[in-house]
Amino acid sequence: MSSHGEPKPVFARATRGLSGIATVPGDKSISHRSLILGALSIGETKITGLLEGDDVLDTGRAMQAFGAQVERKGEGEWSVHGVGVGGFREPDQVIDCGNSGTGVRLIMGAMATCDISATFTGDASLRSRPMGRITDPLELFGTRSWGRRGGKLPLTVVGAANPVPVKYTTPMPSAQVKSAVLLAALNAPGTTVVTEREATRDHTERMLAGFGATISTERTDEGNVITLTGQPELTAQTVSVPRDPSSAAFPVAAALLVEGSEITVPGVSLNPTRSGFYDTVREMGADIEFSNSREEGGEPVADLIVRFSALKGVEVPPERAASMIDEYPILTVLAANAEGKTVMRGVKELRVKESDRIDAMARGLEACGVTVEEGPDFMIVHGQGPGGVAGGATVESRLDHRIAMSFLCLSLSTRDRVTVDDGNPITTSFPDFVNLMRGLGAEIVDAVPAQA
Ligand code: S3P
């Protein structure tokens, strides 16, 4: 549960170039999946490098409520004794997934074909997000659900006692939807086929194969066709979680923004379904070296060496959106500091993240003196050139960790500081963000709350 308490206003500034080593936390997507797949396996799954942010801790508690034994052994080191596919027991409490869309959606999928029911809730952000995109395909397995109007949380899912396999094409590019269907398919007999027109992050497919499921992906003209054979026996694994490219994007952006910076970000996952941000910033002129490229935990990783760079605006290809969907907020900050305009199209999914991220970034950037154009599916940021953003505003983080971190990075380069009205949400994905940024030489300062 994310217990954010009183809002904590905070701002950032940099008086010199950032330098040093930025060791970012474990990948959030892989962390959730290692706990869930561990819980669905027979034996003990040992995880190292788990992200210990609120979102993932909520998923760990949920797996316990469904009957798995989840234990912390040391920093980032966790053990999960699973109950096997179809072995979930009915929780005797409401499952609170805090701020995490990934957590709640994947867990709903994982329990949807067990003969149990469960009630899910979350914080105000999660309770406002659409769940029909999950419960609709789950109905095809025979699952039923009752939520608030529009299928919102709190929501009760009644698992299918006699599930059937399904054929489903995801209506939007969403790894969460694809993953929920694949996890539900685990306990359905026969073969389930999921088609996605645009490729999204493939951690579920890779990890299911690693845990012993029979799963294959065929690339066709219609998109990726993923075929999974139901009712496998999943076997516990040792999982080493690579470092999160979405979290790495924040110190990377900070170094690009602050003159005189040079930092190293070691061991970042560069899975091609996640690396669109890095392609984009390099097209903008970012000086990023990828060194020591290697494979870790089944994912391609590299150490990133990042230096301050004068950036120029670009047009981001819409077909790249899924591979950088979580990085648009920080990209808009870089775009505001670039020469010329940056055009981002095909991004309507940003409207249903932890906040409406197009609106949150547009309003905050405008308050800082940046011109932004937006529509249902696009955003255009008019760059002011390096260090050209005025700042001097208080902006809303809207219970959204990535909005909070994006504006703190912006504040490092503005003429007047940018205050984020509440820094608490950062702990959902990057609990050590403030310390890490301070270690690089940034000042992150608690601001005096505005008078009521
Ligand atoms: C995630 C998928 C993405 C992403 C989220 C993590 C996942 O969401 O935004 O942060 O781990 O599957 P969508 O599937 O809604 O695009």
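Residue positions within a chain follow its written sequence, with the count starting from 1. Only residues with pLDDT of 70 or above have their local features reported here, since the model is predicted, and side-chain atom pairs are shown and tallied only from 80 upward, although totals for entire chains, interfaces and linings are computed over all residues. Excluding hydrogens and water, the side-chain values take into account all heavy atoms of the structure.

**A look at the domain arrangement of the protein chain**
- Here the protein chain is partitioned into domain 1 (10-26 + 243-446) and domain 2 (28-229).
- Domain 1 and domain 2 are separated by 28 Å when their C-alpha centres are compared.
- If you look at the interface, domain 1 gives 24 residues, while domain 2 gives 25 residues.
- The working definition used for a salt bridge is a side-chain nitrogen of Lys or Arg within 4 Å of a carboxyl oxygen of Asp or Glu. Across the contact surface, domain 1 and domain 2 share three salt bridges.
- A salt bridge links Arg129 to Glu354; the shortest N-O distance between them is 3.9 Å.
- Think of a polar contact as two N or O atoms within 3.5 Å of one another; within protein, one of them needs to be a possible hydrogen donor and the other a possible acceptor, and neighboring residues in sequence only count if both atoms come from side chains. Between the two partners, domain 1 and domain 2, sit 14 residue pairs in polar contact (both at pLDDT 80 or more).
- Every element with two or more residues in the side of domain 1 that touches domain 2 is listed here: strand S17 (299-307) and helix H12 (401-411).
- Looking at the side of domain 1 that touches domain 2, its residues break down into eight nonpolar, eight polar and eight charged. Start and end positions for the domains come from either an automated domain assignment or a database one. The contact criterion used is simple: two residues touch if any of their non-hydrogen atoms lie within 4.5 Å. Helix and strand assignments follow DSSP, with helices taken as H or I runs no shorter than four residues and strands as E runs no shorter than two, numbered in order from the N terminus. Classification used: nonpolar for Ala, Val, Leu, Ile, Met, Phe, Trp, Tyr, Cys and Pro, charged for Asp, Glu, Lys and Arg, polar for all others including Gly.

**A few points about the sheet that holds strand S19 (residues 341-345)**
- What the four strands build is an open sheet, ordered S18-S19-S21-S20; its pairing is mixed. Each end of this open sheet is capped by a strand with a single partner; those strands are strand S18 (315-316) and strand S20 (371-375).
- Taken together, the five bridges between S19 and strand S21 (residues 378-382) define a ladder with antiparallel strand orientation. Bridge pairing in S21 links Met344 to Met379.
- Every axis corresponds to a line fitted to the C-alpha atoms, with the helix fit spanning only the stretch in contact, and the corresponding angles, defined between N-to-C directions, vary from 0 to 180 degrees. Sheet strands touched by helix H11 (residues 357-367): S20 and S21. Its angle to S20, the strand with the most contacts, is close to 160 degrees. Note on pairing: DSSP must find at least two bridges between two strands before they are called paired.

**Details of the site of the ligand**
- Close to the ligand lie Ser29, Arg33, Thr102, Pro173, Ser174, Ala175, Gln176, Arg201, Ile325, Asp326 and Lys353.
- Interatomic distance of 2.6 Å between a side-chain N/O atom of Asp326 and an oxygen atom of the ligand.
- Within the side chain of Lys353, one N or O atom sits 2.7 Å away from an oxygen atom of the ligand.
- Note that accessible areas follow from Shrake-Rupley with a 1.4 Å probe, and for residues the cover is restricted to the protein chains shown. With the chains in place, 96% of the 390 Å² that the ligand exposes on its own is no longer accessible.
- The set of elements that each furnish at least two residues to the shell around the ligand consists of helix H1 (28-39) and helix H6 (175-185).
- Along the lines of polarity and charge, the residues of the shell around the ligand split into three nonpolar, four polar and four charged.
- Here the shell around the ligand spans two domains, since at least three of its residues come from each of domain 1 (10-26 + 243-446) and domain 2 (28-229). The cutoff for a nearby residue is simple: one of its non-hydrogen atoms must lie within 4 Å of the molecule or strand.

**Re the side chain of Arg133**
- The topology assignment puts Arg133 in helix H5 (residues 132-141).
- Residue Arg133 is classed as buried on the basis of its relative accessible area, which comes to 13%.
- Polar contacts involving the side chain of Arg133 include one to the side chain of Glu349, which spans 2.9 Å.
- Apart from the residues lying within four places of it in its own chain, the contact partners of Arg133 are Arg105, Met172, Ser174, Val177, Glu349 and Val352. Relative accessible area decides the class of each residue, using a 1.4 Å probe on protein chains only: under 20% of the type maximum gives buried, over 50% gives exposed, and in between gives partly exposed.

**Some thoughts on the pattern of salt bridges**
- Applying the stated criterion across every chain, the model contains 30 salt bridges.
- Note that Arg206 and Asp202 form a salt bridge whose closest N and O atoms lie 3.1 Å from each other.
- Across the pair Arg363 and Asp359 runs a salt bridge, and its minimum N-O distance is 2.5 Å. Of the two residues, Arg363 and Asp359 both sit in helix H11, four residues apart, roughly one turn of that helix.

**Thoughts on the sheet that holds strand S15 (residues 262-269)**
- If you walk across this open sheet you meet the four strands as S2-S15-S17-S16, and the pairing is mixed. Unpaired on one side and paired on the other, strand S2 (19-21) and strand S16 (287-296) mark the two borders of the sheet. Direction aside, neighbouring strands of the sheet carry axes that sit 20 degrees apart on average.
- As judged from the eight bridges shared by S16 and S17, these two strands associate in the antiparallel manner. Residue Glu296 lies in a different strand from S17, and its bridge partner there is Glu299.
- Running over the sheet, helix H9 (residues 276-283) touches S15, S16 and S17 and is turned about 155 degrees from S16.

**Focus on the nonpolar core**
- We call a set of buried residues a nonpolar core when its members are Ala, Val, Leu, Ile, Met, Phe, Trp, Tyr or Cys and they connect through side-chain atoms within 4.5 Å of each other. Of all hydrophobic cores here, the largest spans 76 residues; its most connected members are Phe277, Tyr278 and Tyr328.
- Here this core gets nine residues from one element, more than from any other, and that element is helix H8 (residues 245-257).
- Apart from residues no more than four positions distant in its own chain, Tyr328 is found in contact with Val316, Ala321, Met344, Val347 and Leu350.
- Ile36, Met131, Ala184 and Ala213 belong to the second largest nonpolar core, which has 64 residues in total.

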